[in-house]
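Observations on the three-dimensional arrangement
So you can see what is in the structure, the chains are spelled out below.
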Amino acid sequence: MKEAKSTGDLRTILHYMKGYTFYYVVAVLSTALSILFSRLIPLVVKFTIDNIISNKNIESKFLSSIYYEFGGREFFLRNLWLVGLIVVVFAFFNSFFSFLREKMAGYTSENFAKKLRDDLYNVILKAEYGFYSRFQSGDVIQRCTSDVETIRRFIAADAISIWRIIFTIFLALFVMLKLNVKMTLASSAMIPALFGSSLYFFVKVKRYFEKVDEAEAAVTTVVQENITGVRVVKAFTREEYEVKKFLEKNTEYRKLDLKLLKLFANFWSISDFLAFSQFVFTIIFGTYFTVKGEITVGTLIVFTTYVGMLMWPVRELGILLSNFGKVKVSLKRVNEILSEKLENLEDGREIKLNGDIEFRDVWFGYNPEHPVLKGVSFKISKGEKVAFFGGTGSGKSTVISLLMRLYDLDSGKILIDGIDIREIPKSALRKNIGQVPQEAFVFSKTVRENIAITKPDSDIEEIILSAKLASVHDDIVKFERGYDTLVGEKGITLSGGQRQRLTIARTLVNDYPILIFDDSMSAVDTETERKILEAIRKRSENTTTIIVSHRISSIKDADKIIVFENGVVTAIGNHEELVNHPGLYQRVWRIENVLKLTETGE
Ligand SMILES: Nc1ncnc2c1ncn2[C@@H]1O[C@H](COP(=O)(O)OP(=O)(O)OP(=O)(O)O)[C@@H](O)[C@H]1O
């Protein structure tokens, strides 16, 4: 079995960033440079106040040589605009590198998301059949959209922010420690408390976020259910009940949202207080040290500016660390899909089958401990018209799924033309079986395209012929645009019977040696059903046809009827034989007859 790329949590990010790491490194370096330029500005202000205006000695030899090269204090006092220009240049570089950071991080993250979505879609289409019953479609869609978006945002914004914060803190601490150790301690005294409170808060609030998400989903579900099931709501006059149900869910949602807002209000006020206290601390100590002559006015300005610059990143770090939990959950959900086994369609050999089918003592269970088929055996010869009859859940559709190798059987053998189907490549096998499934699904395409799906190169004559065989042609020509009418979600709504007949036409347009109608005429009246089956019988004498149905009237003309009860074949014979043989078929036949007599009043 082929396996989709299954990577551990964070390794998934690295895996999908391959080919774009260079751009991401540029984004991280740009972050560092933009921080550097923005943090240089307060140092220029300090230099102007301390060294140009107050004429203090320049400690750095390098700076001193440049300063005197230009003409020293006299020159700069006359040309103070130069200082302004330097600030503008630094501000420009800060903005430029910020721009580069956003562009590169955005480029990397968008390409990452595209690659990831492509792979997810590949798994969704090619996974083994069991995948589709294990995962709900809404959940899969959410994993491919919101979860991918959560990870993308983490790469584009949060991960970059973590770098930004680390650079900011290190650079600020480095400069501050170089200027004055005591002042640095006084200016960062509150930082651990601020960081701790932010982390505590965001870890705590995460639980509420989850609750609010669930409450929001509950509101959406009620709306979605009512839009989809509006006919049922109106038919049973359940409007008031549904409105009440919505009110309850909506009130719960508001309650939790308000609680969340209150928690945020608490957090911002406490952290504002801590941040402000840190600021006051810095001013008080700074003024004291300035008066004592331990630091200069310029240094005081640097400290007050840097403290302001440090406060927000420290608070943000708490948010980012708690967000990281969300990203890990999304990664896990995405990885669950990526690690699904892909169905191996085996080689692409073209094989034309005849249509002799044999089941030999077949056992199968979706869960092996609870077998659904318990020793099923039967034979169908090429060209035979066979019916599967049985109550709901007796295993008829499962037999068809096994025949198409959607699942592998647990024991026994299935043979087509005497060949074990495990030896026939899946793609070749399925190209020989035309199945009309229970659910008549139409795509958002034209009638013509919908029919031609099984044979894209079919011409309009073939399409019309199969539509006639499926007794849907007369309906189609009544549509305003005939075969070019758009159907499905974006087009006109077809009735249940029209949809079923359209899917029958779709299967008939291709010349399959084996045809299966899995309860696919339930919305078609008995007369039309008989017409369709007769037309198919006439068209292809050599086609093996299997009809699954609950209605005896639909299958009584079959060459052979196979009766299923609780996963076991309990009788095989034609209609005459079975009505004369005590058992399920005879009982149902009698009930149908009684009902018919009651209806006609005889
Ligand atoms: N994908 C699945 N996973 C687990 N159990 C399943 C799955 N599909 C069917 N079953 C179970 O297997 C049993 C046989 O189902 P199957 O669909 O084959 O019956 P059926 O005779 O075709 O019924 P119906 O006429 O109602 O379509 C049932 O008990 C059903 O609940």
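Per an unreviewed UniProt entry, the chain is named ABC transporter related, and its organism is Fervidobacterium nodosum.

**Topic: a nonpolar patch on the surface**
Among the surface-exposed residues, Phe276, Phe279, Val280, Phe281, Ile283, Ile284 and Phe285 lie close enough to one another that they form a single nonpolar patch of about 610 Å² accessible area. Along the chain, isoleucine 284 falls in helix α11 (residues 239-291).

**Topic: the pattern of salt bridges**
On inspection of all chains with the given rule, the structure shows 24 salt bridges. Across the salt bridge formed by lysine 182 and glutamate 294, the nearest N and O atoms sit 3.4 Å from each other. Here lysine 182, found in helix α8 (residues 181-187), pairs with glutamate 294, found in the loop between α11 and α12 (297-338); they are 112 residues apart in sequence, far enough to count as distant. The partner of lysine 234 in a salt bridge is glutamate 239, with the nearest N and O atoms 4.0 Å apart. Using a relative accessible area of 52% as the deciding quantity, one classes lysine 234 as exposed. Residue classification places glutamate 239 among the partly exposed residues on the basis of a relative accessible area of 32%.

**What about the sheet that holds strand β7 (residues 419-420)?**
An order of β4-β3-β6-β7 is seen for the four strands of this open sheet, with the pairing classed as antiparallel. Strands at the two margins of the open sheet, each flanked by one partner only, are β4 (373-380) and β7. Of the pairings in the sheet, the one linking strand β3 (residues 357-364) to β4 comprises six bridges and is antiparallel in character. Across the sheet, residue tryptophan 363 finds its bridge partner in β4, namely lysine 374. Sheet contacts for helix α13 (residues 396-403): β3, β4 and β6 (411-416); angle to β3, the most-contacted strand, approximately 110°.

**A word on the pairing of β6**
Looking down a regular strand, the side chains alternate between one sheet face and the other. Bridge analysis of β3 against β6 gives five bridges, and the strand direction is antiparallel. In the sheet register, tryptophan 363 faces β6, and the bridge partner there is serine 411.

**Brief notes about the sheet that holds strand β12 (residues 568-573)**
Strand order in the open sheet formed by six strands is β8-β9-β10-β5-β11-β12, with mixed pairing between adjacent strands. Across the chains shown, the open sheet's two edge strands, defined by having one partner strand only, are β8 (433-436) and β12. Pairwise comparison of adjacent strand axes, ignoring direction, gives a mean angle of 15° for this sheet. In terms of strand pairing, strand β11 (residues 560-565) meets β12 through five bridges, oriented antiparallel. Note that in β12 the partner of isoleucine 562 across the bridge is isoleucine 572. Of the strands in this sheet, β8 and β9 (514-518) touch helix α18 (residues 496-508), which is tilted by about 175° from β8.

**Remarks on the site of the ligand**
Close to the ligand lie 14 residues, the nearest being Gly393, Lys396, Ser397, Thr398 and Gln438. Between an oxygen atom of the ligand and a side-chain N or O atom of serine 397, the distance comes to 2.7 Å. Threonine 398 places a side-chain nitrogen or oxygen 2.4 Å from an oxygen atom of the ligand. In the complex, the protein chains occlude 62% of the 630 Å² of accessible area that the ligand would expose alone. Per-element tally for the shell around the ligand: the top contributor is α13, with three residues. Considering only residue class, the shell around the ligand consists of three nonpolar, ten polar and one charged.

**Some words on the packing of α18 against helix α19 (residues 526-539)**
Contact geometry for α18 and α19: axes closest at 13 Å, N-to-C directions at 5°. Of the possible angle classes, the one that applies to α18 and α19 is roughly parallel. Touching Arg501, Ile504 and Leu508 of α18 are Thr528, Ile532, Ile536 and Arg539, all from α19.

**Side note on the pairing of β11**
Of all six residues that make up β11, five are buried, and the element is covered over most of its length. In the sheet, strand β5 (residues 385-390) pairs with β11 via five bridges, with the strands oriented parallel. Considered in β11, the bridge of valine 386 is made with lysine 560.

**A few points about the confidence of the model for the chain**
Chain-level statistics for the chain give a pLDDT mean of 86 and a share of 96% at 70 or above. Across the chain, the element-wise mean pLDDT spans from 40 in strand β1 (residues 2-3) up to 94 in β3. Across residues 1-8 the pLDDT falls below 50, and counting only partners more than four positions away or on other chains, this stretch makes 24 contacts in the model.

**Some thoughts on helix α7 (residues 137-179)**
What sets the pattern is the α-helix's 3.6 residues per turn: residues three or four places apart point alike. The terminal C-alpha atoms of α7, which comprises 43 residues, lie 60 Å apart, in line with the 63 Å expected from a rise of 1.5 Å per residue. Phenylalanine 154 marks the point of greatest bend in α7, at about 45°.

**Regarding the nonpolar core**
The tendency in soluble globular proteins is for nonpolar side chains to be buried as a group. Formed by 44 residues in total, the largest nonpolar core has its most connected members in Ile13, Phe112, Leu116, Leu120, Ile151 and Ile155. When contributions to this core are tallied by element, the ones reaching two or more residues are α1 (9-17), α2 (21-53), α5 (81-126), α7 and α12. Among the elements that line this core, the one with the most residues is α5, at 13 residues. Dropping the residues within four chain positions of it, phenylalanine 112 is found in contact with Thr12, Ile13, Tyr16, Met17, Ile151 and Ile155.

Basis of the calculations
Residues numbered from 1 in each chain as written. Predicted model: local features only at pLDDT ≥ 70, side-chain atom pairs only at ≥ 80, totals over all residues. Heavy atoms only, no water. Patch = residues over 30% accessible without salt bridge, like charges linked within 9 Å, V, L, I, M, F, W, Y side chains within 5 Å. Areas by Shrake-Rupley, 256 points an atom, 1.4 Å probe, with all protein chains shown as cover. Salt bridge = Lys/Arg side-chain N within 4 Å of Asp/Glu carboxyl O. Helix = DSSP H or I, 4+ residues; strand = E, 2+ residues; numbered from the N terminus. Buried < 20%, exposed > 50% of the residue type's maximum accessible area, 1.4 Å probe, protein only. Pairing = 2+ DSSP bridges. Contact = heavy atoms within 4.5 Å. Axes fitted to C-alpha atoms, helices over the stretch in contact; angles between N-to-C directions. Near = heavy atom within 4 Å. Polar contact = N/O pair within 3.5 Å; in protein donor to acceptor, adjacent residues only side chain to side chain. Nonpolar A, V, L, I, M, F, W, Y, C, P; charged D, E, K, R; others polar. Parallel < 35°, antiparallel > 145°, perpendicular 65-115°, else oblique. pLDDT = per-residue confidence, 0-100. Expected span 1.5 Å × (residues − 1). Bend = angle between axes of the 7 residues up to and from the residue. Core = buried A, V, L, I, M, F, W, Y, C linked by side-chain atoms within 4.5 Å.

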